[in-house]
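Here is how the chains run, residue by residue.
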Amino acid sequence: MARTLILCDCLGSQAVDRDAIGANAELVCTRIHNALCTTQIDDAAKAIADGDAIVACQQERPRFEELAEEIGAPVPGFVDIRDRAGWSDEAEKAGPKQAALVAEALLPPPSARTVDVESEGRCLVIGRTAVALPAAERLSGPLAVTALLTDADDDLPLDRGFEVVAGQLAQASGALGGFRLRIDGLRQVEPGGRGGFALTEPRDGARSECDLILDLSGGTPLFPAPEKREGYLRADPGDPNAVAAAVFEAGQTVGTFEKPLYVRLDETLCAHSRAGQAGCSKCLDACPTSAIAPAGDHVALDPMVCAGCGACAALCPSGAISYDAPPTAALYRRMETLATAYRAAGGTVPRMLVVDSGFGAEMVALFARFGRGLPADVIPFELETLAHFGHAEMLAALASGFAHVDVLLAPKSEREVLEGERALAAAMGGEGRLRLLDLGDPDALDEALYGAEAPPADAEPVLPMGSRRQVARLAAKALNPGSAEILELPKGAPYGALDIDREACTLCLACVSLCPSGALADNPDKPQLRFQEDACLQCGLCRQVCPEDAVTLIPRLDLSDAAFDQRVMNEEEPYECIECGKPFGVKSTVERIVEQLAGKHSMFASEDASRMIRMCDDCRIASQYHSDNNPFAAGDRPRVRITDDYFSKRRDH
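As the structure is a computational prediction, the values presented were derived from the model and not from experiment. (Residues numbered from 1 in each chain as written. Predicted model: local features only at pLDDT ≥ 70, side-chain atom pairs only at ≥ 80, totals over all residues. Heavy atoms only, no water.)

Enquirer: Tell me about the pairing of strand 9 (residues 179–190), and please be specific about residues and values.
Expert: Pairing geometry for strand 8 (residues 163–173) and strand 9, over seven bridges, is antiparallel. Each residue of the ladder has a partner; that of Gln171, found in strand 9, is Arg182. If you look at the hairpin formed by strand 8 and strand 9, you'll find five residues sitting between the two strands, and Gly174 has a positive phi there, around 95°. Of the strand pairs in this sheet, strand 9 and strand 11 (residues 206–210) are connected by five bridges, and their pairing is antiparallel. For Leu181, the partnering residue across the bridge sits in strand 11 and is Ser208. For strand 9 and strand 10 (residues 198–199), the ladder comprises two bridges, and the chain directions are antiparallel. (Pairing = 2+ DSSP bridges. Helix = DSSP H or I, 4+ residues; strand = E, 2+ residues; numbered from the N terminus.)

Enquirer: Which residues make up the environment of Gly390, and what are the values?
Expert: You can see Gly390 is positioned in the loop between strand 22 (378–383) and helix 12 (391–400). The buried category is assigned to Gly390, whose relative accessible area is 0%. Separated by 77 residues in the primary sequence, Gly390 and Ala313 place their C-alpha atoms 8.4 Å from one another. (Buried < 20%, exposed > 50% of the residue type's maximum accessible area, 1.4 Å probe, protein only.)

Enquirer: Please give an account of the sheet that holds strand 25 (residues 486–488) that cites residues and values.
Expert: By definition, the strands of a sheet pair up through backbone hydrogen bonds, in either a parallel or an antiparallel sense. With antiparallel pairing, three strands are arranged side by side in an open sheet as 25-29-26. Where the open sheet ends on each side, the last strands, each with one partner, are strand 25 and strand 26 (496–500). Ignoring strand direction, the axes of neighbouring strands in this sheet form an average angle of 50°. (Axes fitted to C-alpha atoms, helices over the stretch in contact; angles between N-to-C directions.)

Enquirer: I'd like to hear about helix 12, residue by residue, with values.
Expert: A large share of helix 12 lies buried, amounting to 10 of its 10 residues. Looking one or two places after helix 12, you find Gly401, whose phi comes out positive at around 130°.

Enquirer: So what's going on with the pattern of salt bridges? Which residues, and what values?
Expert: It is possible for side chains bearing opposite charge to pair when their charged atoms get close. For the structure on display, the rule yields 27 salt bridges. Of the charged contacts, one joins Arg372 and Asp89 as a salt bridge, the two residues approaching to 2.9 Å between their closest N and O atoms. Taken together, the positions of Arg372 in the loop between helix 11 (359–370) and strand 22 and Asp89 in the loop between helix 4 (82–86) and helix 5 (95–105) put the pair 283 residues apart, joining distant regions of the chain. Overall, the relative accessible area of 45% leaves Asp89 in the partly exposed class. Measuring nitrogen to oxygen at the nearest pair gives 3.0 Å for the salt bridge that ties Asp446 to Arg372. One end of the pair, Asp446, is in helix 14 (residues 444–450); the other, Arg372, is in the loop between helix 11 and strand 22, and 74 residues separate them in sequence. (Salt bridge = Lys/Arg side-chain N within 4 Å of Asp/Glu carboxyl O.)

Enquirer: Tell me about the sheet that holds strand 23 (residues 404–408), and please be specific about residues and values.
Expert: Taken together, the four strands give an open sheet; going across it, the order is 22-21-23-24, and neighbouring strands pair in parallel fashion. The outermost strands of the open sheet, each flanked by one partner alone, are strand 22 and strand 24 (434–437). Going from strand to strand, the sheet's axes swing by 20° on average, the running direction of each strand aside. For strand 21 (residues 351–356) and strand 23, the ladder comprises four bridges, and the chain directions are parallel. Each residue of the ladder has a partner; that of Val354, found in strand 23, is Val407. Along the sheet, helix 10 (residues 328–344) makes contact with strand 21 and strand 22, crossing strand 22 at roughly 160°. (Contact = heavy atoms within 4.5 Å.)

Enquirer: Go over the nonpolar core with me, naming the residues and quoting the values.
Expert: Within the largest apolar cluster, 60 residues are counted, with the highest numbers of intra-cluster contacts made by Leu5 and Phe389. Once residues lying within four places of it in the same chain are set aside, the contact partners of Leu5 are Ile21, Leu27, Val28, Cys29, Thr30, Ile54, Ala56, Val79 and Val102. Core analysis: the second largest hydrophobic core is formed by 29 residues, Ala135, Leu149, Phe197 and Leu233 among them. (Core = buried A, V, L, I, M, F, W, Y, C linked by side-chain atoms within 4.5 Å.)

Enquirer: Please set out unusual backbone geometry residue by residue, giving values where relevant.
Expert: A cis amide bond links Ala325 to the next residue, Pro326, at an omega of 5°. Secondary-structure assignment places Pro326 in the loop between strand 20 (321–323) and helix 10. Despite not being glycine, Leu507 has its phi angle at roughly 55°, a positive value. Its place among the elements puts Leu507 in the loop between strand 26 and helix 16 (510–514).

Enquirer: Pulling in residues and values, what's your account of the side chain of Ser400?
Expert: Looking at where Ser400 falls in the secondary structure, it is placed in helix 12. Beyond its immediate chain neighbours, meaning those up to four positions away, Ser400 contacts Met335, Glu336, Ala339, Arg343, Pro461, Val462 and Pro464.

Enquirer: Report on the packing of aromatic side chains, specifying residues and quantitative values.
Expert: Using the criterion set out here, one finds four aromatic pairs in the structure. Judged by centre distance (5.8 Å) and plane angle (40°), the ring pair of Phe179 and Phe223 falls under tilted. Placement of Phe179 in strand 9 and of Phe223 in the loop between strand 12 (212–215) and strand 13 (232–234) is noted, with a sequence separation of 44 residues between them. Like Phe223, Phe179 is buried. Here a set of aromatic residues connected by ring pairs shows up, and it is made of Phe179, Phe223 and Tyr232. Taking the ring centre of Phe381 as reference, the NZ or CZ of Arg334 above it sits at 4.1 Å. (Phe/Tyr/Trp six-rings, centres within 6.5 Å; stacked < 30°, edge-to-face > 60°. Lys NZ or Arg CZ within 6 Å of the ring centre and 35° of its normal.)

Okay, structure coming up:
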């Protein structure tokens, strides 16, 4: 059944291309209203009540949601075509973009994984007496408060509505609903006696827990990226407005909350470490909240601490960490839908502007309301965070049919991650088509977007499918049509080849046993080291474990089908057993061992002993068994003693 799209031109301030939008067979468009949220709200109520509706307005979303509740109808969907397309100096050409935005809104939202977080209101307030005590007093009604004073004196409050302690918070971990604390120099109130309260003698190593922390100390934050740590509120003690805002927010942090599970971790794919040798640590280096930690051969993720920036997923070479809010496949589908709908509605080649749902979305809205608005061919692509929009997503956008991709950085974006991913995507085929825009004023979008000439798309659009590595390779081939050349990539890229120093390599195959992706393999029939370039993660484990330092990483992307083949990196003749002739070991290695040990080591001083070095495992065992000093020989088995033996012994005595 087709959905109903309720249109409005917002008091005639925008041009709505009803024909371009209505060409979508999944839609039935209403007439274009003029004041849908005010004088024509009855029309909106009727359309919402009649069936599955979408309102082409985001600004008045709360009003229409309330309207649906009043009439007992399902809450409609919403799509913004005004700020993103209708308010523009090129609004008369924005029909294809409006159609694309509406087509994107028709996509079913991916299901989100969440976990319930319980906060019982156990609050720790940290700070000096003059600031912490008033804040604790205001919170003592809705919360169970403990004030940790960093400058405690004898002037303690007589009110026992909340706990007062003194000391220094030595360690804190966890997040909302589950903070774990260690306090040194802890002094607690002695509640008895006449006069003012006294404090106990200090003691170190006190342990406690709480649900949230209000830090008014003004010192170094307790956690990295403190603004991303849920349940940790921090304010400048010298700013009364900031303190009041933090106190108010703390008072609302009681109850059950849904915590999104932003990423998935598949430990079996992780290339962090093997056999005590360090490999990939990209996620550890990039995580702003320290939610990721080493856990042996792989990493461990604390979902309660994870703030969902997605930098780990963008950088993970193996796909062990994947973004899940929403899944990457949902992003690819949105891209493909936008590009396809744009072309189907008469557009040629669109450009993409990637923005976050906070700073970036507001910049677009302000530019539309007070500036020229986005050009007709620039389609905004809104994400909760930007860091997980890595090289694979950038290339997928270009390969889907976008001529150019701009990423509008937010003040708190993980810029280093995005810069590295942009450089990698540029080397893989996006050179000249990718930009990071660091703009603080909506007016700066004018020059950045209207003054830029988008290069023409010279490749047929492809459908991005598969893992991030597969999508990146598919997109790179589409962006380099007819090319079978090897693309040189920046240092640290997760694609590449190996160079093996054959003079140094002894074919010990330690690299094969530790390769996490199976890019390195042996040959069970002969001494041979094989390599499949497409599977290589460039994690560096092979280089770390090689005892001869014979491995060199080469970051690159081979676009030819040869990347999927196993090629021989090093091989030697096998050594033939001197007894049975069966090949075993590496000829040069066995000869080197014989040269070093035969006649020179006490265990191989005799000719018979040195011959065993030249034998296969089976023949070596057989030779040892039949030798004079056979360690397996133990003489004849003793006769089993029976009852008569014992009786005869007694008779003899």
